[in-house]
Amino acid sequence: MPRPLELHRDRLLPAESTTRAIARELYDTVKDLPIVSPHGHTDPQWWASDANFGNATDLLLVPDHYVFRMLYSQGVAMEDLGIGGGEVDPRTAWRLFAERYHLFRGTPSRMWLDWVFAEAFGIEYRLDGETSDFYFDTITDALATDAFRPRALFERFNIETIATTESPLDSLEHHAAIRASGWQGKVITAYRPDPVVDPEFEGFRDNLQTLSNLTGEDCLSWSGYLAAHRQRRAFFAQNGATSTDHGHPTALTADLNALEAEALFRKVSAGAFIAAEAELFRAQMLTEMARMSIDDGLVMQIHPGAFRNHNAQVFAQFGRDKGADMPSRTEYVQALKPLLDRFGNDPRLSIILFTLDESSYARELAPLAGHYPCLKLGPAWWFHDSPEGMRRFRRMTTETAGFYNTVGFNDDTRAFLSIPARHDVARRIDCGFLAELVAEHRIEDWEAAELAKDLTYNLVKQAYKL
Amino acid sequence: MPRPLELHRDRLLPAESTTRAIARELYDTVKDLPIVSPHGHTDPQWWASDANFGNATDLLLVPDHYVFRMLYSQGVAMEDLGIGGGEVDPRTAWRLFAERYHLFRGTPSRMWLDWVFAEAFGIEYRLDGETSDFYFDTITDALATDAFRPRALFERFNIETIATTESPLDSLEHHAAIRASGWQGKVITAYRPDPVVDPEFEGFRDNLQTLSNLTGEDCLSWSGYLAAHRQRRAFFAQNGATSTDHGHPTALTADLNALEAEALFRKVSAGAFIAAEAELFRAQMLTEMARMSIDDGLVMQIHPGAFRNHNAQVFAQFGRDKGADMPSRTEYVQALKPLLDRFGNDPRLSIILFTLDESSYARELAPLAGHYPCLKLGPAWWFHDSPEGMRRFRRMTTETAGFYNTVGFNDDTRAFLSIPARHDVARRIDCGFLAELVAEHRIEDWEAAELAKDLTYNLVKQAYKL
Amino acid sequence: MPRPLELHRDRLLPAESTTRAIARELYDTVKDLPIVSPHGHTDPQWWASDANFGNATDLLLVPDHYVFRMLYSQGVAMEDLGIGGGEVDPRTAWRLFAERYHLFRGTPSRMWLDWVFAEAFGIEYRLDGETSDFYFDTITDALATDAFRPRALFERFNIETIATTESPLDSLEHHAAIRASGWQGKVITAYRPDPVVDPEFEGFRDNLQTLSNLTGEDCLSWSGYLAAHRQRRAFFAQNGATSTDHGHPTALTADLNALEAEALFRKVSAGAFIAAEAELFRAQMLTEMARMSIDDGLVMQIHPGAFRNHNAQVFAQFGRDKGADMPSRTEYVQALKPLLDRFGNDPRLSIILFTLDESSYARELAPLAGHYPCLKLGPAWWFHDSPEGMRRFRRMTTETAGFYNTVGFNDDTRAFLSIPARHDVARRIDCGFLAELVAEHRIEDWEAAELAKDLTYNLVKQAYKL
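Calculation rules
In this numbering scheme, every chain counts its residues from 1 along its sequence in written order. Think of it this way: whatever chain is written first is A, whatever ligand is written first is 1, and the rest follow in order. Local features are withheld for residues below a pLDDT of 70 in this predicted model, meaning they are given only at 70 or higher, and side-chain atom pairs are given and counted only at 80 or more; totals for whole chains, interfaces and linings count all residues. As a convention, hydrogens and water are excluded, and side-chain values are obtained from all of the structure's heavy atoms. UniProt positions are given in the numbering used here, feature names are shortened, and annotations may be inferred rather than shown by experiment. Where helices and strands are cited, they refer to DSSP runs of H or I of at least four residues and of E of at least two residues respectively, numbered from the N terminus. The quantity called the radius of gyration is restricted to C-alpha atoms. Its globule counterpart is 2.2 Å times the number of residues to the power 0.38. Only protein chains enter the accessibility calculation, which uses a 1.4 Å probe; a residue is then buried when its area is under 20% of its type maximum, exposed when over 50%, and partly exposed in between. By definition in these notes, contact holds between two residues if any of their heavy atoms fall within 4.5 Å. Note that accessible areas follow from Shrake-Rupley with a 1.4 Å probe, and for residues the cover is restricted to the protein chains shown. We call a set of buried residues a nonpolar core when its members are Ala, Val, Leu, Ile, Met, Phe, Trp, Tyr or Cys and they connect through side-chain atoms within 4.5 Å of each other. Domain start and end points were adopted from an automatic or database domain assignment. Joining two parts hides part of their accessible area as seen by a 1.4 Å probe, and the buried area is that hidden amount summed over both. In this comparison the copies share one frame, found by least squares on the C-alpha atoms of residues holding pLDDT of at least 70 in both. Each polar contact in these results corresponds to two N or O atoms within 3.5 Å; when the atoms are within protein, one needs to be able to donate a hydrogen and the other to accept it, and residues that are neighboring in sequence are counted only if both atoms are side-chain atoms. The term salt bridge refers to a side-chain nitrogen of Lys or Arg lying within 4 Å of a carboxyl oxygen of Asp or Glu. A pair of strands is labelled paired if DSSP reports no fewer than 2 bridges between them. Here the nonpolar group is Ala, Val, Leu, Ile, Met, Phe, Trp, Tyr, Cys and Pro; Asp, Glu, Lys and Arg are the charged ones; every other residue, Gly included, is treated as polar. Working rule for helices: expected span equals 1.5 Å times residues minus one. Simply put, an axis is a line fit to the C-alpha atoms, just over the touching stretch for a helix, and the angle between two N-to-C directions goes from 0 to 180 degrees. Patch definition: residues above 30% relative accessible area lacking any salt bridge, with like charges linked at up to 9 Å and the nonpolar side chains Val, Leu, Ile, Met, Phe, Trp and Tyr linked at up to 5 Å. Angles are sorted into four bins: roughly parallel if under 35 degrees, roughly antiparallel if over 145, roughly perpendicular if 65 to 115, and oblique for all others.

The name an unreviewed UniProt entry gives chain A is Uronate isomerase, with Novosphingobium aquae as the organism. According to the UniProt record, the Pathway (unreviewed entry) comment for chain A reads "Carbohydrate metabolism; pentose and glucuronate interconversion." The record in UniProt for chain A states the following under Sequence similarities (unreviewed entry): "Belongs to the metallo-dependent hydrolases superfamily. Uronate isomerase family."

Next comes the structure, spelled out in structure tokens:
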């Protein structure tokens, strides 16, 4: 007899009964607010083509590095899951996952997936070896229906705005197609220039050439390169972008003079540089991007601290984004000073800081955001986008930065079907945190009600200019 | 209709009902104990002159960098608050604050200020734009009365002892005036030699000259410089000082031999030094101060880890202490070893360690204090002097250092009117923490009762020799 | 009238009533499971000889650095406790401890000791100055009885397996004697090669000579040295070892080629090396040990990050393990990469990582263990083997690594009588954590029941191949 799958209405709310009652009341006021998703990695082609998704494995397993990294850590070969493009029966791959679903106990993936299973697909039994085929069939069948096409799901999920993330080399054709189609869903882009900003990115020099071709600028000259950025940023803004995004190994910034910057660019664009010069160039480019943001109003997001592709063998065989990125210690106070010395007091600049190093929350990020007018704190990110992670974020940032130097929730995901679940987790955890403050008489109930709506809806729209 | 302002009797006590009942009982036994404030930044002139304070803005807003840093982070110009000495109508400045009081939700400033409003001034409505003028007038009027003069407040607040902090260059005339006045309030000083110890302090060389003039020693010679410290320490001790205080960028100590130390002093006193030499000199001076403490019995406080004046533009325009100091990562285990190798086992030495880097609580500070007889842990400091911060402090230090290697509470503030509120927060949080230990049967109720009194009153008197 | 000593049945379970009821039910299912102790520092001679332990002070005070470090931190001289072999009346030393037992409030030592007093010895009054002699006599008398001989306690404590830790230079004679005796208690060894792997270990060169003598290999040649390791590992495995253990200052690994490794070995074995070369050699040896583990199946444990013998004067007078080891910041993501690049995807390799730096839990360790098939997370260690420490471990690792990349509990102790108490604390804290997940509807009750047994019993057997 399979185990029943039911999502409890009070899940993730604090256990203590007074607090839970307050939290439930707050949650009821925000649970149905529209989803605003200002940063993520969904594919705009989905809504451009509105084609059906494929089978359960291809949609939910193969692209989700949260899921397959855990399976890999427990001895499941990635080839056997169909990752890397080998020939694998998707039903068999699904079974490998289903039989090991207990590995996810206590993880956010488990909560997101259970929501997808129960709410998106209406499944009433828990996933395990016994129900594996039933799951595979139920999901795969549903995906073939109109109700599960990308635009229908977008509307069903009550998404007000979603931002994708594209490189300056992207044509944004899917965004154009979405607008041309007459469909009203608001899918915007964001400017992520890492492939043409990071000298250590795969194909960096070729990317500069491509950027030249796209823009008509000479991107092997410093002035042409900067002009190309300005041009592409304007083009992205025309396609709805309100933000840029920078995924650097560290938060280092620099403020070289024009001659030094140009000399450095000559080195990195020629491919003749050492690691420290690549780092300095990325650092300088954050300051250049800030300068452009002051002009064109795009909000900067800085996502530092990931050691990408840590597993050399997995990278060689399977490529990027295979669950082998690792957080590392990240310093902000010294690192951001050059940029802040230059632009930190300019009211036109807005920078949203993220971290994979929670030790920086109370020590560096909250103090910085609690002083500099240009700085705001992004929500708990990636490995920390989880119930405990979000609680730590609020507990460690609120007392110094307050709530109003934060920017609501980011789902930051490519797992489209889990987006409502992720926003729901954030709403539940925030309402629980607010309820604790009320229960300890640190804020009033009417303040918590205002805050619940601000954290869910108002702050993200304001911070991302949506 | 304005919102009512009422301080709940159970504020900050744990929500869980059994635990709250225990916490409330503990709190009732300590809430009326006298305030012992062994470290802070109030102005001794207040009690020397006993002059009335000015208006609400000048007392509560302009000097409080916790408050104006938050307003600045949200786009309020410091000039418009009257900071930096410009001509601003204080009522208008107060309104800028009042209209944005929601920014402080969830911060300790909000709890401290509400106490000041409700308890010190008896105001019954919440601060917002609507009540702004009412607040300004009520507070300003009250401040003109005898009941709100510094000595009256000192007595009303039940302060047993308060320590101010002065530089060796200070004449301590206000402390002398207080004693000469016959008033019985115990206001003592503490020896904070940063201006003559830190080669990078503004005016360091002039300060050495002033120190020479004050002491009759030649403070441009190493032996004269050390003799001047000894002389001033003795003078401070005569003015009630029982402690010194050292606000260095790091916790680095050094133990140079006499020749090396003298050569280093020659460099820094001549102004011909690099940053590493300034750091080494500060490091050596901690060890010199420890040597003097062994002789004269002054307790050392080390407050490391603040990156001062991080915002270059704000520093240039407004000077020090304008809410732009940032915590930074701080190492203790390696840094303190030279001093500890020299004096760490001397029973005459007592050093109280503080941190702005909470990751050091469980990893470094509690293990150090749980072994070395000379080391004690200061309470959660500055950005961490808050309900969540204090809870983290207890949770992360108690299991290794115990309670008896801690030293009670410091308010560390210049915001005189908030001192009772700050001590009250500490008492509530400590009683809540103890109640949790009782509720989980980790200590007995009678032990918690002893501890509540120790943490509130006994340990601070013992640690600071008061 | 002495204070009663009673251990509450619900101690350490969450205070909130719903959660406590769930936790209690879970705990009841695991509290009587056998103890599996895969890593610790008990003395195998105890079970080989089965001789009675001595008096209370010699058994419970003198060898327990958790206890005497706290007393030392509060001014008790180690000589007066009988540490360092001086002539001290054990009853007088015990009194120094008894009179200061309040210092341990809130520490795990207090909970472990109370269990030993109440459960192992049946004492019904609390330890203090008044009961000091009663305690000393009761314990000392009991220790002279058959019921308190090592084998009897082993059986009474329901220990299924215990691992001791020996150097490659150890003859393992006690393990042989245990097996030869016919007694059925399972006492196995573990391979801890620090004395012959760490060039900075006291007597390193002499140790290499001893290793040569023991093995017949030339341990001053690189190949002979490696062969000697292989030989001793095999010998240890014959004596039950299933694991090795490496206590390095950092987690650094290296992957030198054979020529480089040999050249480095020549330097360190000749004693002609600088600190960085010692560090590199230890780093290389972790990779060599991994290579051997792939062949012989021994599980590697890495315990990095202790700054040993921090107090120079205490080390000079009293030697190692005198409560003066301090944790330090520990990096894993960069440090382990050379080893992982070489062997990280080999299904035959298993490495259990420990830390004294809790900031690495969520940032580095959980992400590493949640990806690499060879990596698992050891439990909260040493300073963090405590109720709050264990809670932080679960809260900060579970969401990324899950439960199944952890390995159950280690007591890691030489304090034999406290072993059941330590395992009991772990069981209570884990059941409390699981109960919180159930109460917040993050997992189901039947899942928590499976997990409670896994965390207590199944995972440790699997991870350590027991």
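Q: Can you tell me about the overall build of chain A, naming the residues and giving the values?
A: Each helix and strand counted, chain A has 20 helices and nine strands in total. Computed over its C-alpha atoms, the radius of gyration of chain A comes to 23 Å, within 12% of the 23 Å expected for a compact globule of 466 residues. Overall size of chain A, expressed as C-alpha extent along the three principal axes, is 70 × 60 × 45 Å. Taken over 466 residues, chain A has a buried fraction of 65%. In chain A, once contacts between residues fewer than 6 apart in sequence are set aside, the share between residues at least 24 apart is 76%. Carbon and sulfur atoms form 49% of the exposed surface of chain A, whose accessible area is close to 15,400 Å².

Q: Can you break down the nonpolar core residue by residue, with the values?
A: In terms of nonpolar packing, the biggest core is built from 455 residues, with Phe-117 of chain A, Phe-117 of chain B together with Phe-117 of chain C touching the most fellow members. With 12 residues, helix 19 (residues 419-439) of chain A is the largest single contributor of residues to this core. Apart from the residues lying within four places of it in its own chain, the contact partners of Phe-117 of chain B are Leu-5, Leu-60, Trp-94, Tyr-101, Gly-122, Ile-123, Leu-127, Tyr-135 and Ile-139 of chain B.

Q: Tell me about the domain arrangement of chain A, and please be specific about residues and values.
A: Residues and elements named next belong to chain A. Split by domain assignment, chain A resolves into domain 1 (52-145) and domain 2 (150-463). With centres defined by C-alpha atoms, the gap from domain 1 to domain 2 works out at 29 Å. Each partner contributes to the interface: domain 1 provides 20 residues, whereas domain 2 provides 27 residues. Carbon and sulfur atoms make up 71% of the area that domain 1 and domain 2 hide from each other, which totals about 2,000 Å².

Q: Mind laying out the relation of the copies chain A and chain C, listing which residues take part and the relevant values?
A: With an RMSD of 0.0 Å, chain A superimposes on chain C once it is rotated by 120° and translated 0.0 Å along the axis. In symmetry terms, the pair is related by a three-fold rotation axis.

Q: Can you lay out helix 4 (residues 65-73) of chain C for me, pointing to particular residues and giving the numbers?
A: Residue and element names in this part refer to chain C. Across the nine residues of helix 4, nine count as buried, placing the element largely inside the fold. Taken as a whole, helix 4 has its buried residues at His-65, Tyr-66, Val-67, Phe-68, Arg-69, Met-70, Leu-71, Tyr-72 and Ser-73. Capping of helix 4 at its N-terminal end is provided by Asp-64; its side-chain oxygen lies 3.0 Å from the backbone amide nitrogen of Tyr-66. Phi turns positive, to about 95°, at Gly-75, one or two residues after helix 4.

Q: Could you give me a rundown of the interface of chain A and chain C, with the residues and numbers involved?
A: Counting from both sides, the interface comprises 50 residues of chain A and, opposite them, 44 residues of chain C. A buried area of about 4,000 Å², summed over both sides, lies between chain A and chain C, and 51% of it is on carbon and sulfur atoms. Of all residues in chain A, Arg-105, His-310 and Arg-329 of chain A give up the largest surface area on contact with chain C, accounting jointly for 19% of the area buried on that side. Joining chain A to chain C, the criterion identifies eight salt bridges. Ionic pairing is found between Arg-363 of chain C and Asp-357 of chain A, a salt bridge with its closest N-O pair at 3.0 Å.

Q: Tell me about the pairing of strand 5 (residues 299-302) of chain A, residues and numbers included.
A: All names here are of chain A. Here strand 5 shows a buried face lined by Val-299 and Gln-301 and a second buried face lined by Met-300 and Ile-302. Pairing between strand 4 (residues 243-246) and strand 5: four bridges, direction parallel. Its bridge partner being in strand 5, His-246 is matched across the sheet by Ile-302.

Q: Provide a residue-level description of the interface of chain B and chain C, including the pertinent values.
A: With 44 residues of chain B at the interface, the matching set in chain C holds 50 residues. Of the roughly 4,000 Å² buried at the junction of chain B and chain C (both faces included), carbon and sulfur atoms supply 51%. A per-residue breakdown of the area chain B buries against chain C is headed by Arg-363, His-371 and Glu-399 of chain B, which together make up 19% of the total. The interface formed by chain B and chain C includes eight salt bridges. There are 30 residue pairs in polar contact (both at pLDDT 80 or more) connecting chain B and chain C. The set of elements that each furnish at least two residues to the side of chain B that touches chain C consists of helix 16 (337-343), helix 17 (359-369), helix 18 (387-401), helix 19 (419-439) and helix 20 (445-463) of chain B. Here the element with the most residues in the side of chain B that touches chain C is helix 17 of chain B; it accounts for seven residues. For the side of chain B that touches chain C, the residue count by class is 17 nonpolar, 12 polar and 15 charged.

Q: Give me the lowdown on the pattern of salt bridges, citing residues and values where you can.
A: Overall, the coordinates contain 129 salt bridges over all chains when judged by the stated rule. Note that Arg-291 of chain A is salt-bridged to Glu-288 of chain A, the shortest N-O span being 3.3 Å. In this pair, Arg-291 of chain A and Glu-288 of chain A are both assigned in helix 14 (residues 275-296), three residues apart and thus about one turn of the helix distant. Through salt bridges with shared partners, one network takes in Arg-105, Arg-110, Asp-114 and Arg-126 of chain A together with Glu-444, Glu-447 and Glu-450 of chain C.

Q: Mind laying out the pairing of strand 2 (residues 159-163) of chain A, listing which residues take part and the relevant values?
A: All names here are of chain A. Burial runs high along strand 2: four of the five residues are buried. As defined by bridge partners, strand 2 adjoins strand 3 (residues 187-188) across two bridges and the pair is classed as parallel. The partner of Ile-162 across the bridge, within strand 3, is Val-187.

Q: Any chance you could break down unusual backbone geometry for me, citing the residues and the numbers?
A: Glycine aside, residues mostly have negative phi, and peptide bonds are mostly found in the trans state. Within the chain, Asn-309 of chain A stands out as a residue other than glycine whose phi angle is a positive 55°. Along the chain, Asn-309 of chain A turns up in the loop between strand 6 (306-307) and helix 15 (312-318). Phi is positive for Leu-172 of chain C, close to 60°, though the residue is something other than glycine. By secondary structure assignment, the location of Leu-172 of chain C is in the loop between strand 2 (159-163) and helix 9 (173-181). Residue Leu-172 of chain C is classed as buried on the basis of its relative accessible area of 2%.

Q: Give me the lowdown on helix 19 (residues 419-439) of chain C, citing residues and values where you can.
A: All names here are of chain C. Taking 1.5 Å per residue, 21 residues should reach 30 Å; helix 19 reaches 30 Å between its end C-alpha atoms and fits that length. Burial within helix 19 is extensive, with 20 of its 21 residues counted as buried. Of the residues flanking the end of helix 19, it is His-441, one or two places downstream, whose phi is positive at about 60°.

Q: Can you tell me about the side chain of Ser-418 of chain A, naming the residues and giving the values?
A: Residue position: Ser-418 of chain A is located in the loop between helix 18 (387-401) and helix 19. Ignoring anything within four residues of it in the chain, the contact list for Ser-418 of chain A reads Trp-112, Val-116 and Thr-413 of chain A.

Q: I'd love a proper account of the sheet that holds strand 4 of chain A, names of residues and values included.
A: Strands in a sheet are paired, the pairing made by backbone hydrogen bonds, and the direction either parallel or antiparallel. Residues and elements named next belong to chain A. The strand order across the open sheet formed by four strands is 4-5-8-9, and the pairing between neighbours is parallel. Looking at the sheet topology across the chains shown, the edges are occupied by strand 4 and strand 9 (375-377). This sheet shows a mean twist of 25° between the axes of neighbouring strands, independent of strand direction. Here strand 8 (residues 351-353) pairs with strand 9 via three bridges, running parallel. Looking across to strand 9, one finds that Ile-351 is bridged to Leu-375. Against the sheet, helix 14 makes contact with strand 4 and strand 5, and its axis sits at roughly 155° relative to strand 5, the strand it touches most.

Q: How would you explain the relation of the copies chain B and chain C if you had to name every residue and give the values?
A: In the superposition of chain B on chain C (RMSD 0.0 Å, axial shift 0.0 Å), the rotation amounts to 120°. The overlap is low: 7% of the interface residues of chain B also sit at the interface in chain C, so different surfaces are used on the two sides.

Q: Give a description of the sheet that holds strand 3 (residues 187-188) of chain C that names residues and reports values.
A: All names here are of chain C. Strand order across the open sheet formed by three strands is 1-2-3, with parallel pairing between neighbours. Sheet topology places strand 1 (35-37) and strand 3 at the edges, where each strand pairs with a single neighbour. On the sheet, helix 19 packs against strand 1 and strand 2 and is oriented at approximately 100° with respect to strand 1.

Q: A description of a nonpolar patch on the surface should follow, citing residues and the corresponding values.
A: Residues and elements named next belong to chain A. On the surface, Met-1, Tyr-125 and Phe-134 cluster together to form a nonpolar patch covering roughly 360 Å² of accessible area. By the element assignment, Tyr-125 lies in the loop between helix 6 (108-120) and helix 7 (132-143). When its relative accessible area of 31% is taken as the criterion, Tyr-125 is described as partly exposed.

Q: Explain the packing of helix 18 of chain B against helix 18 (residues 387-401) of chain C to me, using residue names and the numbers behind them.
A: For the pair helix 18 of chain B and helix 18 of chain C, interaxial distance at closest approach is 8 Å and the crossing angle is 130°. For the element pair helix 18 of chain B / helix 18 of chain C, the angle class is oblique. Residues Arg-395, Met-396 and Glu-399 of chain B of helix 18 of chain B form the contact with helix 18 of chain C, whose own contacting residues are Pro-387, Glu-388, Gly-389 and Arg-392 of chain C. For the contact of helix 18 of chain B with helix 18 of chain C, the class distribution of residues is two nonpolar, one polar and four charged.

Q: Give me the lowdown on the environment of Leu-127 of chain B, citing residues and values where you can.
A: Residue and element names in this part refer to chain B. You can see Leu-127 is positioned in the loop between helix 6 (108-120) and helix 7 (132-143). On the basis of relative accessible area, Leu-127 is assigned to the buried category, the value being 5%. Counting along the chain gives 177 residues from Leu-127 to Pro-304, while the straight-line C-alpha distance between them is 36 Å. Non-local contacts of Leu-127, meaning those with residues more than four positions away in its chain, are made with Trp-94, Phe-97, Ala-98, Tyr-101, Phe-117, Ser-132 and Tyr-135.

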